[in-house]
Amino acid sequence: MRILVVEDEAKMADLLKRGLEREGYAVDVSTTGTDALWAVTEHHYDTIVLDANIPAPDGFEVCRRLREQEKWAPVLMLTARDAVEDRVQGLDAGADDYLTKPFAFAELFARVRALTRRPPATMSTVLQVDDLVLDPAARTVTRAGEPVVLSAKAFAVLEHLMRNAGDVCTRTAILEHVWDEAYDGLSNIVDVYVRQIRDAIDRPFSRDSIETLRGVGYRLQPGTGR
């Protein structure tokens, strides 16, 4: 899953980025309202962590404009202000949740997880391809009813493949969704994680569900077995 952090304070932005990455998310950072609005037009984000007090347009206005543009990614608003009217302003602007600074990172991570349980209507909460089931909210995977253990990054790669089951997922698309934009696109990291996923979901169950398209990427094929 990919998250946009909008925070102009460099230390806080770095803490949020590193903390969310440890939770298994791909994280982009914007430092101004203008940059944030551009990023959302260029990329799909599963959640936006948005500081209210950023260089113009501020977080309230950014949220308002996103909703006017029918960008419905869940927004967690961060602010140092704790007055009731500020919370109301944020929610009225279209924010889904509100967290006042200072906050415990454990609470922020829990709120992000809660927001990802409420995906857009076009996205199924629980993904299933044949007997392979992935629950993004619970972060669990089963095959034929048996639990499958994956690392955070392998989980994110499999989720992307399952959301696009039957379609080709290029290595570039996987890199952009699971890793941040600065990641070396020439790396074989995608192939390494797909190999780990095959070892976990295919080989123990006599399946061959991930197809390699040489020079292009991968496709998760429904109904494929050995």
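The text that follows walks through the structure, step by step, so that each part is easy to find. The residue numbers shown here count from 1 along each chain, following its written sequence. Selection of residues for local features in this predicted model requires a pLDDT of at least 70, selection of side-chain atom pairs for listing and counting requires 80 or more, and totals for whole chains, interfaces and linings are taken over all residues. Computation of side-chain values covers all heavy atoms of the structure but excludes hydrogens and water.

## Details of the packing of helix α7 (residues 171–178) against helix α8 (residues 189–201)
Okay, so step 1: The contact between α7 and α8 brings their axes to 10 Å, and the two run at 85°. In terms of their interaxial angle, α7 and α8 are classed as roughly perpendicular. On α8, the residues touching Arg171, Ile174 and Leu175 of α7 are Ile189, Val190 and Asp191.
Okay, so step 2: Split by residue class, the contact of α7 with α8 holds four nonpolar, no polar and two charged. Each axis is a line fitted through C-alpha atoms, taken for helices only over the stretch in contact, and angles between the N-to-C directions span 0 to 180 degrees. The helix count covers DSSP runs of H or I at least four residues long, the strand count covers runs of E at least two residues long, and both are numbered beginning at the N terminus. We call two directions roughly parallel when the angle between them is under 35 degrees, roughly antiparallel when it is over 145, roughly perpendicular when it lies between 65 and 115, and oblique otherwise. In what follows, a contact means two residues having at least one pair of non-hydrogen atoms within 4.5 Å. When residue character is reported, Ala, Val, Leu, Ile, Met, Phe, Trp, Tyr, Cys and Pro are called nonpolar, Asp, Glu, Lys and Arg charged, and the others, Gly included, polar.

## Remarks on the sheet that holds strand β1 (residues 2–6)
Okay, so step 1: If you walk across this open sheet you meet the five strands as β2-β1-β3-β4-β5, and the pairing is parallel. Here the strands that pair on one side only, and so sit at the sheet edges, are β2 (26–30) and β5 (97–100). Going across the sheet, the axis of each strand differs from the next one's by a mean of 20°, ignoring polarity.
Okay, so step 2: Relative to strand β3 (residues 47–51), β1 runs parallel, the two sharing four bridges. By the bridge assignment, Leu4 is partnered in β3 with Ile48. Two strands qualify as a pair provided DSSP detects at least 2 bridges between them.

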